[in-house]
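Results of the structural survey
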Amino acid sequence: MNVRVEQATRPTADTVGIEIGEFLSERLNTAVDAEQDLFASGLISSMFAMELVVHLEQSYGIAVVGRDLKLDNFRSVRRMTDLVLRLRDAPATEDV
Amino acid sequence: MGEPDRDRLAVVGAGVMGTGIAVLAVGHGIPVVLVDVLDDRLAEARREIQLGLRHGRLMGALPTDVAAGTLTTTTDLDDIAEATAVVEAVTEDAAVKTKVLGEASALVAPATPLISNTSGIPIGELADAVRRPEELVGTHFMNPAYLITMVEVVRGPATGVATMLGVQTLLGHMGRRGMVVRDAPGFVTSRLLHPMINDAVRVVADGVADVETVDELMRGCLGHPTGPLRTADLIGLDNLADALRLLAERTGNERHRPAQLLLDKVAAGDLGRKSGRGFYDYGKVLL
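Remember, it's a predicted structure, so these values are computed and weren't measured experimentally.

What counts, and at which threshold
Residues numbered from 1 in each chain as written. Chains lettered and ligands numbered in written order. Predicted model: local features only at pLDDT ≥ 70, side-chain atom pairs only at ≥ 80, totals over all residues. Contact = placed C-beta atoms within 7 Å. Helix = DSSP H or I, 4+ residues; strand = E, 2+ residues; numbered from the N terminus. Nonpolar A, V, L, I, M, F, W, Y, C, P; charged D, E, K, R; others polar. Expected span 1.5 Å × (residues − 1). Buried ≥ 20, exposed ≤ 12 C-beta atoms within 10 Å, placed from the backbone. Pairing = 2+ DSSP bridges. pLDDT = per-residue confidence, 0-100. Domains from an automatic or database assignment. Axes fitted to C-alpha atoms, helices over the stretch in contact; angles between N-to-C directions.

A word on the interface of chain B and chain A
If you look at the interface, chain B gives 12 residues, while chain A gives 12 residues. Per-element tally for the side of chain B that touches chain A: the top contributor is helix 2 (residues 39-58) of chain B, with 5 residues. A breakdown of the residues in the side of chain B that touches chain A according to their chemical character gives 7 nonpolar, 3 polar and 2 charged.

In structure tokens:
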């Protein structure tokens with residue numbers, strides 16, 4: 001409980017990174033670290049990859065479209081965090 | 001790439017395979033008429049197809065420089081009349097397929113390939129139902145059809161050369177590679193894969209190892225990409241049970257009868273990934 005409260009007061013990048021890390025750890029049933037290449041390590045299947053995109057969209061109210069919709073943006077917790085922060089700051093361009 | 005002036009695909013049956021094949025075609029710029037008996041299913045299929053298009057692009061499996069083909073959904077089979085090829089992707093049941101193929105055959109122009117997508121029903125069994133048996137050919141797309149580039153193509157006893165050429169050309173327009181096999185129950189892939197999955201289920205039921213261990217061993221020791229039980233969840237446990245049943249009936253091999261644990265899961269409505277739970281729990285269904 002205390003941990004949660006502490007997280008909420010941290011800068012956004014940390015919070016997002018922690019949340020994504022927690023989601024992945026739970027769904028993949030293993031701890032993941034921020035820089036770990038989740039595709040190279042075979043942790044993320046092609047099916048789960050799309051679920052992950054939808055999860056991030058729903059959790060952070062973003063739309064991953066056009067050129068952003070590429071696997072490379074989801075390679076690690078760090079990359080996903082960067083993407084979420086960038087898309088949340090800038091309104092999504094509808095270039096689908 | 002699809003040639004919109006030439007390819008107009010009709011897909012009959014908006015289940016897992018029909019929607020996946022629709023994604024594949026639309027994603028390659030080919031217009032698709034998708035037919036189902038249920039309006040609700042079609043509405044859901046529309047949503048799934050949009051998600052599938054994004055999934056295919058995410059994975060680099062669909063071209064990004066091609067405008068998507070038009071998707072039309074309908075409950076009226078008459079709307080397939082203008083199609084240049086028809087994919088029948090209804091339930092894995094010979095009687096249902098026979099009925100749909102017969103009706104489709106009466107609607108389309110002569111020389112239109114009628115493609116029955118099945119994981120194992122011999123094409124020869126379906127040929128009597130259609131007006132021109134030489135136009136009937138089988139495919140066995142894997143799921144998801146838009147991610148897996150190879151397709152098992154089944155030449156039935158009556159399938160004509162022009163139809164074989166037609167289906168291979170269409171597959172080529174959709175970036176697929178067809179491998180042609182002869183007609184037999186389960187063809188090649190299901191005859192080998194389905195009994196293996198069935199035995200994997202029995203291994204779990206017998207308490208030899210749990211689900212995760214079976215899949216891990218098949219991955220780590222034998223190089224299987226996902227493991228048999230995760231594959232079962234992806235196929236759909238109801239479809240798998242149907243396919244095993246028809247394999248048992250047609251080969252006379254009792255080992256092919258679906259394992260009790262598989263039947264129990266189907267009866268409980270745990271159909272795999274599409275229902276959110278099968279041998280694994282997928283949490284909230286997003287796909």
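A look at helix 2 (residues 12-28) of chain A
One full turn of an α-helix is made of 3.6 residues, so residues set three or four places apart face in the same direction. All names here are of chain A. Between the first and last C-alpha of helix 2 there are 24 Å, a value that for 17 residues agrees with the 24 Å anticipated at 1.5 Å per step. Structurally, helix 2 contributes buried residues whose contacts are with helix 4 (77-89). Positioned one or two residues after helix 2, asparagine 29 has a phi angle of 60°, which is positive.

Comments concerning the pairing of strand 2 (residues 32-35) of chain B
Residue and element names in this part refer to chain B. Burial along strand 2 is two-sided: the face carrying Val32 and Leu34 and the face carrying Val33 and Val35 are both buried. When strand 1 (residues 9-12) meets strand 2, the two strands line up parallel, connected through 4 bridges. For valine 12, the partnering residue across the bridge sits in strand 2 and is valine 35. In terms of strand pairing, strand 2 meets strand 3 (residues 71-74) through 4 bridges, oriented parallel.

Some points on the confidence of the model for chain B
On average, chain B scores 95 in pLDDT, and the residues at 70 or more come to 97%. Interface predicted TM-score (ipTM) for the complex: 0.82; the corresponding pTM is 0.89.

Focus on unusual backbone geometry
Trans peptide bonds make up the majority, and among non-glycine residues the majority have a negative phi. All names here are of chain B. Backbone torsion omega between asparagine 143 and proline 144 reads -5°, so that peptide bond is classified as cis. Inspection of the secondary structure assignment puts proline 144 in the loop between strand 6 (136-140) and strand 7 (150-155). Of note in this structure, alanine 111 is not a glycine but carries a positive phi near 75°. Within the element layout of this structure, alanine 111 appears in the loop between helix 3 (94-107) and strand 5 (114-117).

With respect to the domain arrangement of chain B
All names here are of chain B. The domain architecture assigned to chain B consists of domain 1 (9-182) and domain 2 (190-275). Spacing between the C-alpha centres of domain 1 and domain 2 amounts to 25 Å. Across the contact, 8 residues belong to domain 1 and 10 residues belong to domain 2. Split into classes, the residues belonging to the side of domain 1 that touches domain 2 amount to 2 nonpolar, 4 polar and 2 charged.

Things to note about the environment of B:Glu152
Residue and element names in this part refer to chain B. Locating glutamate 152 in the fold gives a position in strand 7. Judged by local crowding, glutamate 152 falls into the buried class, with 20 C-beta atoms found within 10 Å. For the pair glutamate 152 and glutamate 88, spaced 64 residues apart in sequence, the C-alpha to C-alpha distance is 15 Å.

Overview of the sheet that holds strand 4 (residues 85-88) of chain B
One key point about sheets: their strands pair by backbone hydrogen bonds, in either a parallel or an antiparallel sense. All names here are of chain B. Here we have 8 strands laid out as an open sheet, ordered 3-2-1-4-5-6-7-8, and mixed in their pairing. Every other strand in the sheet has two partners, leaving strand 3 and strand 8 (177-182) as the edge strands with one partner each. With strand direction ignored, the average angle separating the axes of adjacent strands in the sheet is 25°. On top of the sheet, helix 5 (residues 161-173) reaches strand 4, strand 5, strand 6, strand 7 and strand 8; it is set at about 35° to strand 6, its chief contact.

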